[in-house]
Amino acid sequence: MERKEWPLWEVFVRSKNGLDHKHCGSVHAPDARLALQVARDVYTRRQEGVSIWVVRASDIVASDPDAKPELFDPAEDKIYRHPTFYTLPDEVNHM
Amino acid sequence: MYTQALDIPQPKGEPKGPRVVENADYQAEFDAKIDAGGFIEAKDWMPEAYRKTLVRQISQHAHSEIVGMLPEGNWITRAPSLKRKAILLAKVQDEGGHGLYLYAAAETLGVSRDELYEALLDGRAKYSSIFNYPTLTWADIGVIGWLVDGAAIMNQIPLCKCSYGPYSRAMVRICKEESFHQRQGYDLLLQMMKGTPEQREMVQDAVNRWWWPSIMMFGPHDKDSQHSETSMRWGIKRISNDDLRQKFVDATVKQAEVLGITLPDPDLKWNEARGHYDFGAIDWEEFWSTVNGHGQCNVDRIAARRKAWEEGAWVREAALEHARKQAAREKVAA
Amino acid sequence: MTQQNIATPEHIEYVLRMGDNALILGQRLSEWCGHAPVLEEDMALANTALDLIGQARLLLTHAGKLEGQGRDEDQLAFLRVERDYRNVTLTELPNEDFGRTVVRNFLFAAFQVLLYQRLATSSDAELAAIAAKSLKEARYHLSHAGEWVIRLGDGTELSHARAQAALDYLWPYTAEFFAANPADDAVAAAGIGPAWASLEPEWEALVVPVLNEATLTVPARTPFRTYGKFGRHSEHMGHLLATMQYMQRTYPGAQW
């Protein structure tokens, strides 16, 4: 039997101006316009947002979890990128 | 999703040797992550049994939310004041939302909502047996909020720390939204207890009917629970059935006193030595007969869900067909 | 000078009509909770119902104050006899299927949007404030229901037929929105709100383009007339009230 399921959309909500949109869940919707509306009806019932993005789940390109070591571990020893790496005299340490 | 992890084609010029490591290595990595109290995410490798357990648990939870809309929904059109009508409608709507979040969490494990839903509609999937009891009076709405949601919250709070990321995040959202559900139930009952003798009797009658089913919600005793041990090991379950049940009983006794009702258990009394309330024996025969389909409302609940689903088919198809037409028109226009 | 001293019977009637429209349609829509075609739409319909119940509470409370007989929102919502409800007949009709439900929401929300817009300048400041708040809600209802009218009308053959049948059934009831009556003229003259009859051209301008986009045929006006807003309702109203009033009628005087 052909399954006639509405596509899945990922929902991102900006909780207030000045903040990033943040992933908050998913909805099923037949198209983008309705996806936005149902995202509003599902995810902003308690004034959680001022702006919504919806993205078709199948359009998201994700990094491979198995590639985690080569993608993310090499940053581990670049400790000189962090301010705490540098010890300065107390008088100027608020720098 | 995890099943695809082993199928990822090996990129050319891989510097670190063969990427497709043995299953045992994945298993060790998974175990280490679990032992460290870390999270497993959707695309991470996971043992098949872990995935299956999660799909079963999350979908049962989702089914419970949406079947749970029905007994309370039974009173929306008869709510006795506009304020109570709005509160109840918002609450039942929340339950629909919680079902939605949970189905979405289950979908990250590579099953579709429709597949899960079909399993509910054709009777293969289980849901919380509490929703197979009828709501007979308005007091039932208060008691469901107080006892049933109270028990549910106790079950759910530990799940906010569940090892599977999408489930845990859904539970955080759900627990946040549910915090008003128990309070509105108790508030409704307080108001009724301040009212006429008839209203107070209605509350006591509802408590008499819902007390035992509520404490059955925590599931079989630990010694009889078939899934508990592995689920604890995997961090899918954090506190045992009996411990949660005890916690619930201990918390509820005081609330019943404040309310001025009697909990229908003659064996309920404080045990100084244990530091807990003792309570009477649970009628497990009733529990299993309800789980296995012989509760008063099992057939009606599923019939109602099936009716909504079947009568909505033309609507869902129309929306898809319109989207297809629109896409075709946009293609021509481009 | 308190408000009840300045409220005319026409003024009270006008506010009651708006309150009862929201109340009765909200009651109908709340029947959908748990039974919609898809979870997402269950949530959306409940939101619309909650908005309408909220509007009803504000409007009935206001009507009670204007009336000055100490009746609160619940006494007005639950303890009047059928003849005293002033909602248009369209709002009390059974939901039937999702098609009729969204077509009704669409036709009604368009009317509400126009009415609430015009009430911004009402001489009744409380009414203007309620309208301003409710206008935002009505605009969303119009948009969401409109999206659905388009999808059902321009969807499958079956959905088109059902949407057209719903429109054919409901359209004659919309004549009641605009039925002229002297009470309305008095309210308009007092600057409280527009005579509903005056909204008809704008309403058609709002709904017809969407119906066209939905490939639906706009029915011609017929002599069919209903009179819910004057207190003469359909056969459905008594059943709706029997359910809605059940608790208040069974336990007179109890607080909930």
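No experiment lies behind these values; they were computed from the predicted model shown.

K.L.:
How should I be thinking about the packing of helix H6 (residues 125-153) of chain C against helix H7 (residues 157-170) of chain C in this particular structure?
P.N.:
How two helices pack is summed up by the angle between their axes together with the distance between the axes. All names here are of chain C. Contact pair H6 / H7: the axes reach a minimum separation of 7 Å and the direction vectors enclose 125°. By the criterion of interaxial angle, the relationship of H6 to H7 is oblique. Seen from H6, the contacting residues are Arg151, Leu152 and Gly153; seen from H7, they are Ser159, His160 and Ala163. For the contact of H6 with H7, a count of residues per class yields two nonpolar, three polar and one charged.

K.L.:
Honestly, the interface of chain C and chain B in this entry has me stumped. Any pointers?
P.N.:
Note on interface size: it is often stated as the accessible area lost on association of the parts. Across the boundary between the two partners, chain C contributes 47 residues, which contact 45 residues of chain B. At the junction of chain C with chain B, the criterion picks out three salt bridges. A salt bridge links B:Arg113 to C:Glu40; the nearest nitrogen and oxygen atoms lie 2.6 Å apart. Put simply, chain C and chain B have 15 residue pairs in polar contact (both at pLDDT 80 or more) between them. For the side of chain C that touches chain B, the secondary-structure elements that each account for two or more residues are helix H2 (9-30), helix H3 (39-67), helix H4 (73-78), helix H5 (98-118), H6, H7, helix H10 (235-244) and helix H11 (246-250) of chain C.

K.L.:
Explain the sheet that holds strand S1 (residues 8-14) of chain A to me, please; I cannot follow it from the model alone.
P.N.:
Sheet strands pair by backbone hydrogen bonding; their relative direction is either parallel or antiparallel. Residue and element names in this part refer to chain A. Strand order across the open sheet formed by three strands is S2-S1-S3, with antiparallel pairing between neighbours. Looking at which strands have only one partner, the edges of the open sheet turn out to be strand S2 (21-28) and strand S3 (51-56). The average undirected angle you get between the axes of adjacent strands in this sheet is 30°. As defined by bridge partners, S1 adjoins S2 across seven bridges and the pair is classed as antiparallel. Looking at S2, one finds that Val11 is bridged to Gly25.

K.L.:
How should the packing of helix H13 (residues 298-311) of chain B against helix H14 (residues 313-333) of chain B be read in this particular structure?
P.N.:
All names here are of chain B. Across the interface, H13 lies against H14 with an axial gap of 4 Å and an inter-helix angle of 35°. Counting all contacts with H13, which are made through Trp309, Glu310 and Glu311, the residues of H14 involved are Ala313, Trp314 and Arg316. Residue classes in the contact of H13 with H14 are distributed as three nonpolar, no polar and three charged.

K.L.:
Just checking my understanding: could you explain the pairing of S1(A) for this structure?
P.N.:
Sheet faces and side chains relate simply in a regular strand, where the side chains alternate between the two faces. All names here are of chain A. The buried fraction of S1 is high, at five of seven residues. Linking S1 to S2, which pair antiparallel, is a turn of six residues; within it Gly18 sits at a positive phi near 100°. As defined by bridge partners, S1 adjoins S3 across six bridges and the pair is classed as antiparallel. Counterpart to Trp9 in the pairing with S3 is Arg56.

K.L.:
What is the right way to look at a nonpolar patch on the surface in this model?
P.N.:
A contiguous nonpolar surface patch, about 420 Å² in accessible area, is contributed by A:Ile79, A:Tyr80, A:Phe85 and A:Tyr86. Among the secondary structure elements, A:Ile79 is positioned in the segment after helix H2 (68-72).

K.L.:
Hey, could you run me through unusual backbone geometry in this one?
P.N.:
Leaving glycine out, the prevailing phi sign among residues is negative, and the prevailing peptide bond configuration is trans. The backbone of A:Gln47 shows a phi angle near 55°, a positive value even though the residue is not glycine. Counting through the fold element by element, A:Gln47 comes out in the loop between helix H1 (32-43) and S3. Of note in this structure, C:Thr215 is not a glycine but carries a positive phi near 60°. With respect to the secondary-structure elements, C:Thr215 resides in the loop between helix H9 (200-213) and H10. Residue C:Thr215 is classed as partly exposed on the basis of its relative accessible area, which comes to 40%.

K.L.:
Just checking my understanding: could you explain H14(B) for this structure?
P.N.:
Structural remark: α-helix, 3.6 residues per turn; residues separated by three or four positions point the same way. With 21 residues, H14(B) ought to run about 30 Å at 1.5 Å a step, and its terminal C-alpha atoms sit 30 Å apart, in line with that. In this fold, the buried residues of H14(B) make contact with H13 of chain B together with H5, H6 and H7 of chain C.

K.L.:
I tried to follow the side chain of A:His21 on my own but got confused; where do I start?
P.N.:
All names here are of chain A. Residue placement: His21 occurs in strand S2. Overall, His21 belongs to the buried group, its relative accessible area being 13%. A distance of 2.6 Å separates a polar atom in the side chain of His21 from a polar atom in the side chain of Ser51. Only 3.4 Å separates the side chain of His21 from the side chain of Trp53, close enough to count as a polar contact. The contacts of His21, once residues within four sequence positions are left out, are Phe12, Val13, Arg14, Ser51, Ile52 and Trp53.

K.L.:
Where do I start with H1(A) in this structure?
P.N.:
Residue and element names in this part refer to chain A. Helix length check: H1, at twelve residues, gives a terminal C-alpha distance of 16 Å against a target of 16 Å (1.5 Å per residue), a fit within 8%. Within the sequence span of H1, burial applies to Leu34, Ala35, Gln37, Val38, Ala39, Asp41, Val42 and Tyr43. For H1, the N-terminal capping position is held by Asp31, with its side-chain oxygen 3.2 Å away from the main-chain nitrogen of Arg33.

Rules used throughout
- Residues numbered from 1 in each chain as written.
- Chains lettered and ligands numbered in written order.
- Predicted model: local features only at pLDDT ≥ 70, side-chain atom pairs only at ≥ 80, totals over all residues.
- Heavy atoms only, no water.
- Axes fitted to C-alpha atoms, helices over the stretch in contact; angles between N-to-C directions.
- Helix = DSSP H or I, 4+ residues; strand = E, 2+ residues; numbered from the N terminus.
- Parallel < 35°, antiparallel > 145°, perpendicular 65-115°, else oblique.
- Contact = heavy atoms within 4.5 Å.
- Nonpolar A, V, L, I, M, F, W, Y, C, P; charged D, E, K, R; others polar.
- Salt bridge = Lys/Arg side-chain N within 4 Å of Asp/Glu carboxyl O.
- Polar contact = N/O pair within 3.5 Å; in protein donor to acceptor, adjacent residues only side chain to side chain.
- Pairing = 2+ DSSP bridges.
- Buried < 20%, exposed > 50% of the residue type's maximum accessible area, 1.4 Å probe, protein only.
- Patch = residues over 30% accessible without salt bridge, like charges linked within 9 Å, V, L, I, M, F, W, Y side chains within 5 Å.
- Areas by Shrake-Rupley, 256 points an atom, 1.4 Å probe, with all protein chains shown as cover.
- Expected span 1.5 Å × (residues − 1).

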